[in-house]
Amino acid sequence: MPLSTIFIALTLLSVGHQKEKGFTTEQYLKDFDVLWETIRDEYAYFDLHRADWTKARTVFRPKVQEVSHLGEFVMLLERLLDQLADPHTHLNSNTASSQRLVPSGALVWAVPDKEAAVVKSIRSFEVAKGLRTGDRILLINGQTASVAVKQRIGPASNGSDPAVRQYALMCLLAGKRDKAVEIRVARRGATPRDLILIPPDSNKAAKSPTQPLLVKVLPGNVGYIRFNNSLGVQETVLAFDRAIARLSATKGLVIDLRDTPGGGNTTIGRAILGHFVRKERPYQKHSDPGEFRATGIPRSWIELVSPRVPGYTKPVVALVGRWTASM
């Protein structure tokens, strides 16, 4: 059974149709192998050395024998992909107890610091009550931050890599969909206190306003466009076209990308950038690591941005932060 078929079944599961499909262990094994082989052949970032992908197969493939229903298989595949410590790799469907996505599902950004974690940034549109930058997170769900991070790192991940530890910490702070994230916080001059960072059964951290853009004119006749985590929404193209037309007479433009944790796609990226070029310009360079691994011959190409109307030629400033992702 092809992997795409499993994804269709997972979609049914995610919307509440949890009737058993009668998949056999052999079918689950085939789908596991398709996913593992696809990552082996096509994944672009093995050079970062964050995971031993062969070890991941050795550890997790035998566990398919223990799978009794589709939900357990989803969780097993999630654990497999988790070994990459890469927020870009996740399934299209999940269960009620799946990991919230990072950084979309996290209200705060913190970094490991000895036995604790230090809060470096708070998601601007959804302030985590009771927290400030500089606060030290001592406990996460009853465990010291350092122990929790160590236990969160997968058996096939490179636990000595700071990026892997950072990923593990952010996963802990985002939490599971059906569980609360409880932390103990210390602040200089104050008694440590316990906070519920994210309540159970809450995906509030990942929600965004319904309108793709916030558009206004700031004092001094400066245009302002804020993306509401909408770089993957096709409606954003028309909304941005209208925004540029509306702000055409401004002296400059601020583009606020601090709430785009969901990333986006190249179509919308090129549509936006097209307003700021007068002729075709290089946008990004692509390479195909899968073909290189298979043949030893590098393959790469340049993608171009084409001009779009109305054009905007005044100064432009982009605001970015920890929840600025991808496109």
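Heads up: the structure comes first, above all this text.
Residues numbered from 1 in each chain as written. Predicted model: local features only at pLDDT ≥ 70, side-chain atom pairs only at ≥ 80, totals over all residues. Heavy atoms only, no water.

(A) Seen up close, the packing of aromatic side chains. Here the structure, examined in full by the defined rule, presents nine aromatic pairs. Relative to Phe73, the ring of Tyr28 lies with its centre 4.6 Å away and its plane at 35°, an arrangement referred to as tilted. Here Phe73 lies in helix 4 (residues 70–82) and Tyr28 lies in helix 2 (residues 25–42), a separation of 45 residues in the sequence. For the pair shown, Tyr28 and Phe73 are each scored as buried. Site record: aromatic cluster; members linked through ring pairs are Trp36, Tyr43, Tyr45, Phe46 and Trp53. (Phe/Tyr/Trp six-rings, centres within 6.5 Å; stacked < 30°, edge-to-face > 60°. Helix = DSSP H or I, 4+ residues; strand = E, 2+ residues; numbered from the N terminus. Buried < 20%, exposed > 50% of the residue type's maximum accessible area, 1.4 Å probe, protein only.)

(B) Local environment of the packing of helix 2 against helix 4. Direction vectors running N to C along helix 2 and helix 4 enclose 20°, while the axes themselves pass 12 Å from each other. It follows that helix 2 is roughly parallel to helix 4 by the angle criterion. Relative to helix 4, helix 2 is oriented so that their crossing is right-handed. Judged by residue contacts, Tyr28, Asp31, Phe32, Leu35, Trp36 and Ile39 of helix 2 engage Leu70, Phe73, Leu77, Leu80 and Leu81 from helix 4. (Axes fitted to C-alpha atoms, helices over the stretch in contact; angles between N-to-C directions. Parallel < 35°, antiparallel > 145°, perpendicular 65-115°, else oblique. Left-handed = near helix turned anticlockwise from the far one by under 90°. Contact = heavy atoms within 4.5 Å.)

(C) Expanded view of the environment of Pro103. Tracing the sequence through the fold places Pro103 in the loop between helix 4 and strand 1 (108–113). Note on Pro103: relative accessible area 12%, which makes it buried. Residues Pro103 and Arg322 lie 219 residues apart in sequence; the distance between their C-alpha atoms is 8.1 Å. Contacts of Pro103, omitting those with residues within four sequence positions, involve Trp109, Pro261, Arg322 and Trp323.

(D) Inspection of the nonpolar core at higher detail. Ranked by size, the top nonpolar core spans 35 residues in total, and within it Leu131, Ile137, Ile140, Leu173, Ile183 and Leu197 carry the most contacts. Elements supplying a minimum of two residues to this core: strand 1, strand 2 (116–122), strand 3 (136–140), helix 5 (145–152), helix 6 (162–174), strand 5 (181–186) and strand 6 (193–198). Among the elements that take part in this core, helix 6 stands out by supplying nine residues, more than any other. Sequence-distant contacts of Leu173, defined by excluding residues within four places in its chain, comprise Val108, Ala110, Ile137, Ile140, Val181, Ile183, Leu197 and Ile198. Among the nonpolar cores identified, the runner-up in size contains 24 residues, and Leu29, Ile39, Val64 and Phe73 belong to it. (Core = buried A, V, L, I, M, F, W, Y, C linked by side-chain atoms within 4.5 Å.)

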